[in-house]
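The lines below spell out each chain.
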Amino acid sequence: MGSRPAVDLAAALAAEIQAYCKAHANAAQAARYKRYFREGYDAWGIMDAKHALWTEMEPAWRQRFSGLGLRGFLKLGELLFTGGKYEEGAVAIRFLRPFRDRMDAAAVPRIARWFEAGIRNWAHTDVLCGEVLSPLLAEGRIALDDLAGWRISPHPYQRRAVPVAMLGLLGNDTAVPALLEFLRPMMQDPERVVQQGLGWFLREAWKKQPQPVEAFLLEWKDRAPRRIYQYATEKMAPAARTRFRKSRS
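I will try to describe carefully the structure that is included in this document.

Calculation rules
Residues numbered from 1 in each chain as written. Predicted model: local features only at pLDDT ≥ 70, side-chain atom pairs only at ≥ 80, totals over all residues. Heavy atoms only, no water. Helix = DSSP H or I, 4+ residues; strand = E, 2+ residues; numbered from the N terminus. Buried < 20%, exposed > 50% of the residue type's maximum accessible area, 1.4 Å probe, protein only. Contact = heavy atoms within 4.5 Å. Axes fitted to C-alpha atoms, helices over the stretch in contact; angles between N-to-C directions. Parallel < 35°, antiparallel > 145°, perpendicular 65-115°, else oblique. Left-handed = near helix turned anticlockwise from the far one by under 90°. Nonpolar A, V, L, I, M, F, W, Y, C, P; charged D, E, K, R; others polar. Core = buried A, V, L, I, M, F, W, Y, C linked by side-chain atoms within 4.5 Å. Phe/Tyr/Trp six-rings, centres within 6.5 Å; stacked < 30°, edge-to-face > 60°. Lys NZ or Arg CZ within 6 Å of the ring centre and 35° of its normal.

**So, the side chain of arginine 203**
Logical step 1: Looking at where arginine 203 falls in the secondary structure, it is placed in helix 10 (residues 192-208).
Logical step 2: Residue arginine 203 is classed as buried on the basis of its relative accessible area of 11%.
Logical step 3: Among residues more than four places away in sequence, those in contact with arginine 203 are Tyr231, Ala232, Glu234 and Lys235.

Structural data, given as structure tokens:
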């Protein structure tokens, strides 16, 4: 690709990806998946894992545009998420995975731009967390404090990413009480998708260390949204769940 600036290379690759997806669009296939996305779903309809987009084009693009490097692929993600199409965002995340061992706190603000650009569904958020952010936290390449500002982001899916990414820390020796304290400012978040993420994390943390999680849930049971509790307590015995019902006025 010569010595073209990374931003130009990123724009060129984004254009290729978009042109390929448009040429292979399948409206019927896209319609099949809409029911999984209450927030809306804009896709080309290329979801088959055996499609050439994933098995041939993606690795070929990665090789041809290897000169982009980490910064270039982070910029590419901004461009692709701006387009709003599901597959384009998925490709951006897949491109980023091989760079995990080169990423540190400096990458976090660049990833944050993806949410500003257009991450608007739970699937992109959760895959980005599972494939990139959770491993970075677990490996100590980024610290929890690097995500502190995400807790008050104007973008709900960026806020959701905080508890979902933190799932990666539950396999370590990280003390659960410290994780709960980090989530404290989020316990009254009004957005459904954030509440689901918080409940998911609390449920998994409860499996590891039930005592501090139950104390935390009891503390918040009259103030936090009930959806958090729906997810957080779903693996508890029915009798145990009654402890976390909201007190009657």
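**Details of the packing of helix 1 (residues 6-23) against helix 5 (residues 86-96)**
Logical step 1: For the pair helix 1 and helix 5, interaxial distance at closest approach is 11 Å and the crossing angle is 130 degrees. Put simply, helix 1 runs oblique to helix 5. Where helix 1 crosses over helix 5, the two elements pack in a sense that is right-handed. Seen from helix 1, the contacting residues are Leu13, Ile17 and Gln18; seen from helix 5, they are Glu88, Val91 and Phe95.
Logical step 2: Split by residue class, the contact of helix 1 with helix 5 holds four nonpolar, one polar and one charged.

**Digging into the nonpolar core**
Logical step 1: Core analysis: the biggest nonpolar cluster contains 78 residues, and Trp150, Phe201 and Leu202 have the highest contact counts within it.
Logical step 2: Beyond its immediate sequence surroundings of up to four residues, leucine 202 is in contact with Leu180, Met187, Val213, Phe216, Leu217, Ile228 and Ala232.

**Observations concerning the packing of aromatic side chains**
When we look at a pair of aromatic rings, we describe it by the centre distance and by the angle of the planes.
Logical step 1: With the rule as written, the count across this model stands at 11 aromatic pairs.
Logical step 2: Taken together, a centroid distance of 5.4 Å and an interplanar angle of 40 degrees make the contact between phenylalanine 73 and phenylalanine 99 tilted. Of the two residues, phenylalanine 73 sits in helix 4 (residues 69-83) while phenylalanine 99 sits in the loop between helix 5 and helix 6 (108-117), which places them 26 residues apart along the sequence. By the burial criterion, phenylalanine 73 is buried, and phenylalanine 99 matches it.
Logical step 3: Here the aromatic cluster, defined as three or more aromatic residues joined through ring pairs, consists of Phe37, Tyr41, Tyr86 and Trp122.
Logical step 4: A cation over a ring is seen here: lysine 85 above tryptophan 44, with NZ or CZ 4.5 Å from the ring centre.
Logical step 5: Positioned above the aromatic ring of phenylalanine 182, the side-chain terminus of arginine 151 is 4.2 Å from the ring centre.

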